Amino acid sequence: MPEIIEVEITKQKLKSAIQGKRILDFWTDWPRGLISQEGGMKKTTKKLKGKKINGLSRKGKAVILNLEGHKILAIHQRMSGHMPVNLPENKHTRFRIFLSDNTDVSLVDPRKFGVVWYGSEKWFNEQPYIKNLGYDAMSIKRSQLFRILSNSRSSLKSLLLNQSKIAGLGNIACDEILWRARLNPLCRSDTLNVREAELLYKSIYTILADVLRYGGTSMSNWRHPDGEQGNYQKKFKIYKQKKCVRCKKSIKSEKIAGRSTYFCKICQPSKI
DNA sequence: GTATTTGTTCAATA
DNA sequence: ATATTGAACAAATA
Ligand SMILES: [Zn+2]
């Protein structure tokens, strides 16, 4: 499930678990998931061995291990990944990072969509996914959002999902944000008035704060690095819901911007 | 067998 | 240049 908040939680909990430790070994059963400046697993592992983890950070939905010597080991959990600490290997374990102090971190990822990058900071920041990220959804300014809105002729749903405009929002957060803001997902972004844009801005912050407060969303496999489950799935107002809690009418989903989109036709009316 | 899935990228098309 | 749509990636689940 990892959307921005799940990635943020992963980063935070990994920080307390592994910051300052050294990498002893690196393992995979899915070498196709590695994108490395060094080429393959063998050379990458050789470079990783002995490197200290100076800090943890995040760009978009990527968790970043900042290593000594300005090197980066970064992970994108994509659709089905999570990053447990000290979990024994299972059939879905794709990568493992063995650390000093008998600690290890895994990328467990049944669908194998996850990606692991290794390279210099400079190289990493030139990777297309990273290079193209827009303003981070957790810190975008009102003026930045307003400018993006007025310059986009695409639908709101498509804009919010577009990582090169706003980085981090996923399908669930988008639907919850638009429901809270009472905005139709098909509404053209550059037609919002100031009141609507302000409501959208507030809704981004409110929903993300809520997701964080409830520890993220655990729909199937996603867990915190320490094994804790998120509970935001119990707080959904619109995503996967049958009935709107505001107007009591039934909710239908449509495919918008390539994704299942849940919205209330009464509370989020189309202006056209 | 069917359809769906928290994400991203790419090709084809308008 | 922008925007949209569908397919692809791979596996689990309903
Ligand atoms: Zn409603």
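Note that the structure is predicted; figures quoted are calculated from it, not measured.

Caption draft 1: Layout of the layout of surface pockets. Taken as a whole, the second largest pocket spans an internal volume of roughly 150 Å³. Every residue lining the second largest pocket is listed: Asn184, Leu186, Cys187, Arg188, Thr191, Ser270, Lys271 and Ile272.

Caption draft 2: Inspection of helix 8 (residues 194–213) at higher detail. Helix length check: helix 8, at 20 residues, gives a terminal C-alpha distance of 28 Å against a target of 28 Å (1.5 Å per residue), a fit within 8%. Buried residues along helix 8 sit in contact with helix 1 (4–18), helix 5 (142–150), helix 6 (156–161) and helix 7 (171–180). After helix 8 finishes, the residue Gly215 shows a positive phi value of roughly 75 degrees.

Caption draft 3: Inspection of the coordination of the zinc ion at higher detail. Coordination of the zinc ion by the protein is provided by Cys244 (SG), Cys247 (SG), Cys264 (SG) and Cys267 (SG), with metal-donor distances spanning 2.2 to 2.4 Å. In this structure, the zinc ion is coordinated by four donor atoms arranged in tetrahedral fashion, with angles at the metal of 96 to 116 degrees. The sequence motif formed by the donor residues of the zinc ion is C-x2-C-x16-C-x2-C. Here Cys264 matches Cys267 in class, with each residue buried.

Caption draft 4: Fine view of the domain arrangement of chain A. If you check the domain split of chain A, you get domain 1 (4–131) and domain 2 (135–263). Taking only C-alpha atoms into account, the centre of domain 1 sits 27 Å from that of domain 2. Between domain 1 and domain 2 lies a buried interface of about 1600 Å² when both sides are counted; carbon and sulfur atoms form 65% of it. Asp136 serves as the salt-bridge partner of Arg58, at 2.8 Å between the closest nitrogen and oxygen. Remark: the boundary between domain 1 and domain 2 carries eight residue pairs in polar contact (both at pLDDT 80 or more). By residue number, the principal contributor to the side of domain 1 that touches domain 2 is helix 1, which donates eight residues. Its residues placed into classes, the side of domain 1 that touches domain 2 shows 10 nonpolar, five polar and five charged.

Caption draft 5: Representation of the sheet that holds strand 5 (residues 71–76). Spatial ordering of the open sheet is given by 2-8-5-4-3, a layout of five strands whose pairing is mixed. Of all strands in the sheet, those with a lone pairing partner are strand 2 (34–36) and strand 3 (53–59), marking the two edges. Taken over all neighbouring pairs, the strand axes of this sheet differ in orientation by 15 degrees on average, direction set aside. As paired strands, strand 3 and strand 4 (residues 62–67) are joined by six bridges and run antiparallel to one another. Following the sheet pairing, Arg58 is matched in strand 4 by Val63. Along the sheet, helix 1 makes contact with strand 3 and strand 4, crossing strand 3 at roughly 175 degrees.

Caption draft 6: Region of the structure containing helix 1. Taking 1.5 Å per residue, 15 residues should reach 21 Å; helix 1 reaches 21 Å between its end C-alpha atoms and fits that length. Looking only at helix 1, the buried set comprises Ile4, Ile5, Glu6, Val7, Glu8, Ile9, Thr10, Lys11, Leu14 and Ile18. Immediately downstream of helix 1, the backbone of Gly20 shows phi near 95 degrees, a positive value.

Caption draft 7: Spotlight on the environment of Asn66. Position of Asn66 relative to the elements: it lies in strand 4. Sequence separation between Asn66 and Gly55 is 11 residues; the distance between their C-alpha atoms is 5.1 Å.

What counts and how
- Residues numbered from 1 in each chain as written.
- Chains lettered and ligands numbered in written order.
- Predicted model: local features only at pLDDT ≥ 70, side-chain atom pairs only at ≥ 80, totals over all residues.
- Heavy atoms only, no water.
- 1 Å grid on protein atoms, 1.4 Å probe; cavity = no way out; pocket = protein on both sides within 12 Å on 5 of 7 lines; lining within 4 Å.
- Points joined across faces, edges and corners; volume = space filled by probe spheres on them.
- Helix = DSSP H or I, 4+ residues; strand = E, 2+ residues; numbered from the N terminus.
- Expected span 1.5 Å × (residues − 1).
- Contact = heavy atoms within 4.5 Å.
- Donors = N, O, S within 2.8 Å, 3.2 Å for Na, K, Ca; no water.
- Tetrahedral: all angles 85-135°; square planar, octahedral: opposite > 155°, others 65-115°.
- Buried < 20%, exposed > 50% of the residue type's maximum accessible area, 1.4 Å probe, protein only.
- Domains from an automatic or database assignment.
- Buried area = accessible area lost by both parts, 1.4 Å probe.
- Salt bridge = Lys/Arg side-chain N within 4 Å of Asp/Glu carboxyl O.
- Polar contact = N/O pair within 3.5 Å; in protein donor to acceptor, adjacent residues only side chain to side chain.
- Nonpolar A, V, L, I, M, F, W, Y, C, P; charged D, E, K, R; others polar.
- Pairing = 2+ DSSP bridges.
- Axes fitted to C-alpha atoms, helices over the stretch in contact; angles between N-to-C directions.

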